[in-house]
Amino acid sequence: PCAIEHGACHNTLSWACPLLQLDYEHYLPIFLDGIRCTDARYKFVARQGFDEMIEEAKGFPDCVLPVVPALIKPIRLALATHDPDIVVAGLNALQKVVLSNYGVGEAMVPFYRQLLQPMNLFYTKRQNID
């Protein structure tokens, strides 16, 4: 549903249709699963596409709430990679999902046990904390 537009300073995504008309239940988990990619092209498309879809869905909880169960596995897999760049991207994605709309945080409560286990591995690593 999107293509990369190469610019002089930075790249952007060009969407085939308005973002709110996309099937969030289909595309949002795919973009979120792509944050584990390390190839620069795929990494850009996945992270930028996820960010733009979440940003566009602010104020429309009906777009995000039905997708929450499908988002848990990609976030958990990103946190379990132990690659610092991917773990940070997974944590940022989790934060963006929770802050996207009212009620999303409560919808994630049943899945906390699945997300806390990979995060527990980083509990003792205290880098960049002064």
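Next up on the list: the pairing of strand β1 (residues 2–5). Side chains on a regular strand alternate between the two faces of the sheet. Sheet analysis places β1 next to strand β2 (residues 12–15), joined by 4 bridges and oriented antiparallel. Pairing of Ala-3 across the sheet is with Ser-14, part of β2. Turn length for the β1-β2 hairpin, with the two strands adjacent in sequence and antiparallel, is 6 residues.

The phi angle at His-82 is positive, at roughly 70 degrees, despite the residue not being glycine. Overall, His-82 belongs to the partly exposed group, its relative accessible area being 48%.

Turning our attention to the side chain of Glu-52. Residue position: Glu-52 is located in helix α2 (residues 40–56). Beyond its immediate chain neighbours, meaning those up to four positions away, Glu-52 contacts Leu-13, Trp-15 and Leu-19.

Next up on the list: a nonpolar patch on the surface. Together, Val-109, Tyr-112 and Leu-116 give the surface a local cluster of nonpolar side chains, amounting to about 280 Å² of exposed area. For Val-109, the position within the fold is in the loop between α6 (104–108) and α7 (112–120).

Here the focus is the nonpolar core. Within the largest apolar cluster, 32 residues are counted, with the highest numbers of intra-cluster contacts made by Tyr-24, Leu-28, Phe-50 and Met-53. Counting only elements with at least two residues in this core, the list comes to β2, α1 (24–33), α2, α3 (61–64), α4 (68–79), α5 (84–100) and α6. When near neighbours in sequence (up to four residues on either side) are disregarded, Phe-50 contacts Leu-28, Phe-31, Leu-32, Ala-93, Lys-96 and Val-97.

With their axes 9 Å apart at the nearest point, α4 and α7 run at an angle of 10 degrees to one another. Accordingly, the angle class assigned to the pair α4 and α7 is roughly parallel. Residue-level inspection shows Ile-72, Ile-75, Arg-76 and Leu-79 of α4 in contact with α7, the latter providing Gln-114, Leu-115, Pro-118 and Met-119. A class-by-class count of the residues in the contact of α4 with α7 yields 6 nonpolar, 1 polar and 1 charged.

What counts, and at which threshold
Residues numbered from 1 in each chain as written. Predicted model: local features only at pLDDT ≥ 70, side-chain atom pairs only at ≥ 80, totals over all residues. Heavy atoms only, no water. Pairing = 2+ DSSP bridges. Helix = DSSP H or I, 4+ residues; strand = E, 2+ residues; numbered from the N terminus. Buried < 20%, exposed > 50% of the residue type's maximum accessible area, 1.4 Å probe, protein only. Contact = heavy atoms within 4.5 Å. Patch = residues over 30% accessible without salt bridge, like charges linked within 9 Å, V, L, I, M, F, W, Y side chains within 5 Å. Areas by Shrake-Rupley, 256 points an atom, 1.4 Å probe, with all protein chains shown as cover. Salt bridge = Lys/Arg side-chain N within 4 Å of Asp/Glu carboxyl O. Core = buried A, V, L, I, M, F, W, Y, C linked by side-chain atoms within 4.5 Å. Axes fitted to C-alpha atoms, helices over the stretch in contact; angles between N-to-C directions. Parallel < 35°, antiparallel > 145°, perpendicular 65-115°, else oblique. Nonpolar A, V, L, I, M, F, W, Y, C, P; charged D, E, K, R; others polar.

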